[in-house]
Amino acid sequence: MAIESSQRIVIAGGGIAGLATWRALKQRGIESLVVERRPVAADGGLAINLPGNAMAALEQLGLGTDIARLGYPVRKREYRSRDDRLLAAIDEDAFWGESLRPRAVRRADLMTMLSTGLEASSLRADRAIASVVQDASAAHVRLDNGEDLSARLLVGADGVRSTVRQAVMGASQPSAAHIASASWRFMAPNPGVDGWTAWTGEHGTILLLPVDETTVYGWVAVSSPNVAGDDLKQLDHAFRNFPERVRKALAWALAHPESLYHSPIEEVRLSRWHEGRVILLGDAAHATAPVWAEGAALAMEDALALAAFVAETDDVAAVGRRFEQARQPRVAHVQAMTDRLSKSARLPYPLRRFIMPFVVPRSYRATYSPLKPTDA
Ligand SMILES: Cc1cc2nc3c(=O)[nH]c(=O)nc-3n(C[C@H](O)[C@H](O)[C@H](O)COP(=O)(O)OP(=O)(O)OC[C@H]3O[C@@H](n4cnc5c(N)ncnc54)[C@H](O)[C@@H]3O)c2cc1C
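It should be emphasised that the depicted structure is a prediction, and the values quoted were computed from it without experimental measurement. (Residues numbered from 1 in each chain as written. Predicted model: local features only at pLDDT ≥ 70, side-chain atom pairs only at ≥ 80, totals over all residues.)

## Some words on the overall build of the protein
- Of regular secondary structure, the protein possesses 12 helices and 21 strands.
- In summary, the protein has a C-alpha radius of gyration of 21 Å against a globular reference of 21 Å for 376 residues, a match within 12%.
- In terms of principal-axis extent, the alpha carbons of the protein reach across some 60 × 45 × 35 Å.
- Here the protein holds 376 residues, and 45% of them are scored as buried.
- For the protein, long-range pairs separated by at least 24 residues make up 72% of all intrachain contacts whose partners lie at least 6 apart in sequence. (Helix = DSSP H or I, 4+ residues; strand = E, 2+ residues; numbered from the N terminus. Rg over C-alpha atoms; globule rule 2.2 N^0.38 Å. Buried ≥ 20, exposed ≤ 12 C-beta atoms within 10 Å, placed from the backbone. Contact = placed C-beta atoms within 7 Å.)

## A look at the site of the ligand
- Taken together, 35 residues are adjacent to the ligand, and Gly13, Gly15, Gly159, Gly282 and Gly295 come closest.
- Every element with two or more residues in the shell around the ligand is listed here: α1 (16–27), β2 (33–36), β3 (47–50), β14 (182–189), α9 (283–286) and α10 (295–312).
- Take the shell around the ligand: its biggest share by element is four residues, from α10.
- Looking at the shell around the ligand, you find at least three residues from each of domain 1 (5–73 + 105–176 + 267–345) and domain 2 (182–264). (Near = placed C-beta within 6 Å. Domains from an automatic or database assignment.)

## Digging into the sheet that holds strand β4 (residues 72–73)
- If you trace the three strands from one edge of the open sheet to the other, you get β3-β7-β4, paired in antiparallel fashion. Bordering the open sheet on either side are β3 and β4, each of which pairs with just one other strand.
- Pairing of β4 with strand β7 (residues 103–106), which is carried by two bridges, proceeds in the antiparallel orientation. Of the residues in β7, the one forming a bridge with Tyr72 is Ala104. (Pairing = 2+ DSSP bridges.)

## Some thoughts on the sheet that holds β2
- Spatially, the six strands line up as an open sheet ordered β8-β2-β1-β12-β21-β20, and their pairing is mixed. Edge strands, defined here as strands with exactly one partner in the open sheet, are β8 (123–125) and β20 (274–275).
- Of the strand pairs in this sheet, β2 and β8 are connected by three bridges, and their pairing is parallel. Directly across from Val34, in β8, lies its bridge partner Leu123.

## Overview of the pairing of strand β1 (residues 9–12)
- Alternating positions in β1 separate into two faces, Ile9 and Ile11 on one and Val10 and Ala12 on the other, with burial throughout.
- The sheet contact formed by β1 and strand β12 (residues 153–156) spans four bridges and is parallel. Across the sheet, the residue bridging to Ala12 is Gly156, located in β12.
- Two strands pair when backbone bridges link them, and β1 and β2 are joined in this way by three bridges, in the parallel orientation. The residue bridging Ala12 from the neighbouring strand is Val35, located in β2.
- With respect to chirality, the unit in which β1 leads through α1 into the neighbouring parallel β2 is right-handed. (Right-handed = clockwise from strand over helix to strand, strands pointing away.)

## Here's the deal with helix α11 (residues 316–345)
- With 30 residues, α11 should cover 44 Å at 1.5 Å per step; its first-to-last C-alpha distance of 41 Å lies within 8% of that length.
- The largest bend in α11 is about 40°, located at Gln328, with the proline Pro329 one to four residues further on.
- For α11, the complete set of buried residues consists of Val316, Val319, Gly320, Phe323, Val331, Val334, Met337, Thr338 and Leu341.
- Residues of α11 that are buried in the fold lie against β12, β20, β21 (278–280), α9, α10 and α12 (349–368). (Expected span 1.5 Å × (residues − 1). Bend = angle between axes of the 7 residues up to and from the residue.)

## Things to note about the pairing of strand β6 (residues 86–91)
- With five bridges joining them, strand β5 (residues 76–81) and β6 adopt antiparallel strand pairing. Note that in β6 the partner of Arg77 across the bridge is Ile90.
- Hairpin remark: β5 followed by β6, antiparallel, with four residues in the connecting loop; positive phi at Asp84, about 75°.

## Section: the packing of helix α2 (residues 52–60) against α10
- Remark: α2 packs on α10, axes separated minimally by 9 Å, with the N-to-C direction vectors making an angle of 35°. In this structure, the crossing between α2 and α10 has a hand that is left-handed. The segment α2 lies against α10, with Asn53, Ala54, Ala57, Leu58 and Gln60 engaging Ala296, Ala297, Met300, Glu301 and Leu304. (Axes fitted to C-alpha atoms, helices over the stretch in contact; angles between N-to-C directions. Left-handed = near helix turned anticlockwise from the far one by under 90°.)

## Let's talk about the environment of Gly29
- As for its position among the elements, Gly29 is in the loop between α1 and β2.
- On the basis of neighbour counts, which here come to 7 C-beta atoms within 10 Å, the residue Gly29 falls in the exposed class.
- Sequence separation between Gly29 and Asp231 is 202 residues, and the spatial gap between their C-alpha atoms is 50 Å.

## Thoughts on the environment of Arg365
- Within the secondary structure layout, Arg365 lies in helix α12.
- It is 37 Å that separates the C-alpha atoms of Arg365 and Val316, two residues lying 49 residues apart in sequence.

## Remarks on unusual backbone geometry
- We note that Asp84 has phi near 75°; this positive angle belongs to a residue other than glycine.
- Secondary-structure assignment places Asp84 in the loop between β5 and β6.

As structure tokens, then:
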């Protein structure tokens, strides 16, 4: 059904936040239009770790069965030293319970789930938002092909380098994360890892996470600030003394450089997420270093909260205020816990190794307890 442009909700970005918003609105019978600059979402070949509150959000989005089918259970976490000594172990099953069991999922599968039912008439794919101006009656969006769209509400779900944020909030560039300025990600044959396992050493940290019976997702952060994305020698060197399992996965990735994604880790810290008829959510509003794997969960929770407020009133300014009020404390908590962990990750390795057995279980509980749904 065609929507009157004065009534239209436009969503900038068809990533996790954008698709979850489209879906959450649709659940409430509210149509919207998603504008995505790529034919398919970014990083589709990689995977993502979803803690229990992401499971709760997926359930609310009507995707509980799909994630149970496509996500690989993450029952425990192990934090290990460079010489493979177990420093801390977390029983995630015991913490979250079976219904919220964390899962690892291929990003492509997550995007397919979130976009199920999205019809061509509700999507402009391969089209970027080039500019945004607002007046009292509407937000006016120009696409890169010259097409103009008007919206009563423009949702900025266009990620860490959001065009919408920059157009509406002015100069608000993302900043480099404290934990590491960049990281590599890859998929490789499983070298013998049976759950979420991270090893830490003098020069960096590597996480291996099974995504099915035979494949692991790898995430590598090197502490040295100046390692270039194509400096694979230095990457190899940073992990040269690590256990055989790590060496094996890394060697596979280095032998298949096309499988290595190098990306900056950037953060966005804003005091306001709405301006006029524009509301920012997901990474566009609050990108945070992925040390607690909360990006997708927060993006989906944002979407659910926003849709509930949109369904309550046509007053966009009121929606923006309520959305911020509802979501900011939770996001601020994740940001604070991210800063805390990032700080300890920068301590000298011998000290880090010494304190991890005490600090990790406590930080895990302190981070996730307030995020756990109260009825879980
Ligand atoms: C290295 C790394 C590892 C991570 N690991 C995890 C993890 O394990 N678990 C977790 O929960 N989170 C993780 N995250 C964070 C997570 O990826 C993000 O929080 C999440 O993707 C945010 O979703 P989003 O939709 O807000 O932004 P994005 O995923 O960035 O989506 C934004 C979308 O907007 C589109 N877009 C951008 N500009 C425009 C424009 N002008 N016009 C139209 N479209 C546009 C983009 O193409 C993109 O599809 C990780 C992040 C990084 C960097």
